[in-house]
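# Structural description and commentary
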Amino acid sequence: MDAERPDQHDQPKPVELAVTERTRHRRLRDQGSTRVADLDAILRAGFVCHLGVVVDGTPMVVPTVYGVDFESWTLYVHGSVASRSITSAPDATVCVGVTHIDGLVLARSVFEHGVNYRSAMVYAVPRLITGGDELLHGLRVVTEHCAPGQWDYARQPNSRELAATSLLALSLEEASVKVAAGPPDDADGPDGELGLWAGVVPLVSRFGAPEADPALPAGIPVPDHVAALAGGGSGS
């Protein structure tokens, strides 16, 4: 059970992101990036995003899973909560944020404390996908982005399940990327003479060993693609 990927981009993917009023880096410009490769790397490193929408007149930020088709440069978001907003305001722009925390930057003064991070904010008018080949394709993209190999291993959705599922499809053409890395930068100032410890406390996120469902009959082994996740990164 598979679907052909919809051809949504006739032009090759750009090397640099276009700068718009929404994505222009106005603060901490040295942390900003317009490289498409940096955006792709941030999206590949995770699978949970925060979707910012207006639902029934109220702002809402929804944590949800996503997947990226890097050939068509399309971001698929599981957006059942947001579908009401998209239906009532089909031309409204939404914002999707993905952030990975890499460590705490502890300086000699509280003012210079910070966080090492990688983040991307994507702005787009989403398309609500409720059926057809693209829904099946998008579900595969999201599943494989989270756990490569799981789509072909597990039972795939039936018609009833597909009818109860919706996705949002967003172009990645308008995005803002920022990356902060490195130690505190106050060593050359007066605070460098305080004799206080300063540095970075790294934060590393890893998958642990798979834990079987208690209802699983004996003798069913952990599939190779699931075992391969153990010890692998989950966003940081």
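Above this text you will find the structure in question.
Bear in mind that the values here come from a model prediction, so they are computed numbers and not experimental data.

## Examining the overall build of the chain
The helix and strand inventory of the chain stands at six helices and ten strands. The buried share of the chain, reckoned over its 236 residues, is 36%. Contacts spanning at least 24 positions in sequence make up 73% of the contacts within the chain whose residues lie at least 6 apart. When the accessible surface of the chain is split by element, carbon and sulfur atoms take 56% of a total near 13500 Å².

## Quick look at unusual backbone geometry
A positive phi angle, near 55°, is found at Trp 73, a position not held by glycine. A residue is classified by how much of its surface remains accessible, and Trp 73, at 3% relative accessible area, is buried.

## Remarks on the pattern of salt bridges
Tallied over the full model, the rule gives nine salt bridges. When the shortest N-O distance is used, the salt bridge between Asp 40 and Lys 13 registers 2.7 Å. Within this pair, whereas Asp 40 is found in helix α1 (residues 36-44), its partner Lys 13 is found in the segment before β1 (32-33), the two being separated by 27 residues in sequence. You can call Lys 13 partly exposed: its relative accessible area is 35%. For Glu 21, the salt bridge identified is with Arg 24, shortest N-O distance 3.2 Å.

## Concerning the pairing of strand β6 (residues 114-124)
Where strand β5 (residues 94-106) meets β6, eleven bridges bridge the pair, whose relative direction is antiparallel. Bridge pairing in β6 places Val 105 opposite Gly 114. Examined bridge by bridge, β6 and strand β9 (residues 175-180) share six bridges and lie antiparallel to one another. Bridging from a neighbouring strand, Met 121 pairs with Ser 176 of β9.

## What about helix α3 (residues 132-146)?
Between its first and last C-alpha atoms α3 spans 22 Å; for 15 residues at 1.5 Å apiece the expected length is 21 Å, and the two agree. Those residues of α3 that sit buried are Glu 134, Leu 135, Leu 136, His 137, Gly 138, Leu 139, Val 141, Val 142 and His 145.

## Topic: α1
In an α-helix, one turn spans 3.6 residues, which is why side chains three or four residues apart end up on the same side. Within the sequence span of α1, burial applies to Val 36, Leu 39, Asp 40, Ile 42 and Leu 43. An end-on view of α1 places all buried positions within 165° of arc, on one side of the element. Where α1 is buried, its residues touch β3 (58-69), β5, β6, α3 and β9.

## Considering the nonpolar core
Formed by 26 residues in total, the largest nonpolar core has its most connected members in Leu 39 and Val 77. Elements with a minimum of two residues in this core: α1, β2 (48-55), β3, β4 (74-78), β5, β6, β8 (167-171) and β9. Once residues lying within four places of it in the same chain are set aside, the contact partners of Leu 39 are Leu 17, Trp 73, Ala 120, Leu 172, Ala 175 and Val 177. Core analysis: the next-biggest nonpolar cluster, separate from the first, contains eleven residues, Ile 129, Trp 151, Leu 162 and Ala 169 among them.

## Points about the pairing of β3
Remark: a regular strand shows side chains that alternate across the two faces of the sheet. Two elements, β2 and β3, share eight bridges in a ladder whose sense is antiparallel. Bridging from a neighbouring strand, Leu 51 pairs with Val 62 of β3. Adjacent in sequence and paired antiparallel, β2 and β3 are bridged by two residues, among which Asp 56 carries a positive phi angle near 55°. In terms of strand pairing, β3 meets β4 through four bridges, oriented antiparallel. In the strand pairing of β4, Val 68 is matched with Leu 75.

What counts, and at which threshold
Residues numbered from 1 in each chain as written. Predicted model: local features only at pLDDT ≥ 70, side-chain atom pairs only at ≥ 80, totals over all residues. Heavy atoms only, no water. Helix = DSSP H or I, 4+ residues; strand = E, 2+ residues; numbered from the N terminus. Buried < 20%, exposed > 50% of the residue type's maximum accessible area, 1.4 Å probe, protein only. Contact = heavy atoms within 4.5 Å. Areas by Shrake-Rupley, 256 points an atom, 1.4 Å probe, with all protein chains shown as cover. Salt bridge = Lys/Arg side-chain N within 4 Å of Asp/Glu carboxyl O. Pairing = 2+ DSSP bridges. Expected span 1.5 Å × (residues − 1). Arc of directions from axis to C-beta. Core = buried A, V, L, I, M, F, W, Y, C linked by side-chain atoms within 4.5 Å.

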